[in-house]
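Chain residues, written in single-letter form:
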Amino acid sequence: QVQLVESGGALVQAGGSLRLSCAASGITGFRFYAMGWYRQAPGKARELVATISRDGNTNYADSVKGRFTISRDNGKKTVALQMNSLKPEDTAVYYCNANIGPPVATTYWGQGTQVTVSS
């Protein structure tokens, strides 16, 4: 079975840093999946934070550009999100995502990890 397990969430003060990690298991051809981080604050919709393609191309939400960095290690089957200069509005549950298009056409989600930023 496929599992995505996030870790690294914590309570930090504004201006601090955190590094989230996502470990994948049971995925055949991990290197071919686009990976991403999404987040969801209480009462709000889940939103994209950052993505990284199989070729290493990255994309970020405007709200985190210059502060967050997404990376992947295909050998370890992991994806990370380095978060710097954290703000209270970054508070959310952060979810790891794996996606591949046709012919496989499959998406996987982790269970999430809580990030809380205090002012």
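Residues numbered from 1 in each chain as written. Predicted model: local features only at pLDDT ≥ 70, side-chain atom pairs only at ≥ 80, totals over all residues. Heavy atoms only, no water.

For this particular structure, what's the right way to read the sheet that holds strand E1 (residues 3-7)?
Neighbouring strands of a sheet are bound in pairs by backbone hydrogen bonds; such pairs are parallel or else antiparallel. Spatial strand order, E1-E3-E8-E7: four strands in an open sheet with antiparallel pairing. Strands with a single pairing partner mark the edges of an open sheet, and in this sheet they are E1 and strand E7 (68-73). This sheet shows a mean twist of 15 degrees between the axes of neighbouring strands, independent of strand direction. Here E7 pairs with strand E8 (residues 78-83) via six bridges, running antiparallel. Directly across from Ile70, in E8, lies its bridge partner Leu81. (Pairing = 2+ DSSP bridges. Helix = DSSP H or I, 4+ residues; strand = E, 2+ residues; numbered from the N terminus. Axes fitted to C-alpha atoms, helices over the stretch in contact; angles between N-to-C directions.)

What is the right way to look at the side chain of Thr106 in this model?
Counting through the fold element by element, Thr106 comes out in strand E10 (residues 106-109). A distance of 3.1 Å separates a polar atom in the side chain of Thr106 from the backbone oxygen of Val104. Look past the residues within four positions of Thr106 in its chain and what remains in contact with it is Tyr33, Ala98, Asn99 and Ile100. (Polar contact = N/O pair within 3.5 Å; in protein donor to acceptor, adjacent residues only side chain to side chain. Contact = heavy atoms within 4.5 Å.)

In this structure, what is going on with the nonpolar core? I would like to understand it.
Taken as a class, soluble globular proteins show a tendency for nonpolar side chains to be buried jointly. In this structure, Trp37, Leu81, Met83 and Tyr94 are the most contacted members of the largest nonpolar core, which totals 31 residues. The set of elements that each furnish at least two residues to this core consists of strand E3 (18-25), strand E4 (34-40), strand E5 (47-52), E7, E8, strand E9 (92-100) and strand E11 (113-118). In terms of residue count, the dominant contributor to this core is E9 (five residues). Not counting the four nearest positions on each side in its chain, Leu81 is found in contact with Leu18, Arg19, Leu20, Trp37, Val49, Ala50, Phe68, Thr69, Ile70 and Tyr94. (Core = buried A, V, L, I, M, F, W, Y, C linked by side-chain atoms within 4.5 Å. Buried < 20%, exposed > 50% of the residue type's maximum accessible area, 1.4 Å probe, protein only.)

On their own, these measurements won't tell you what the molecule is for.
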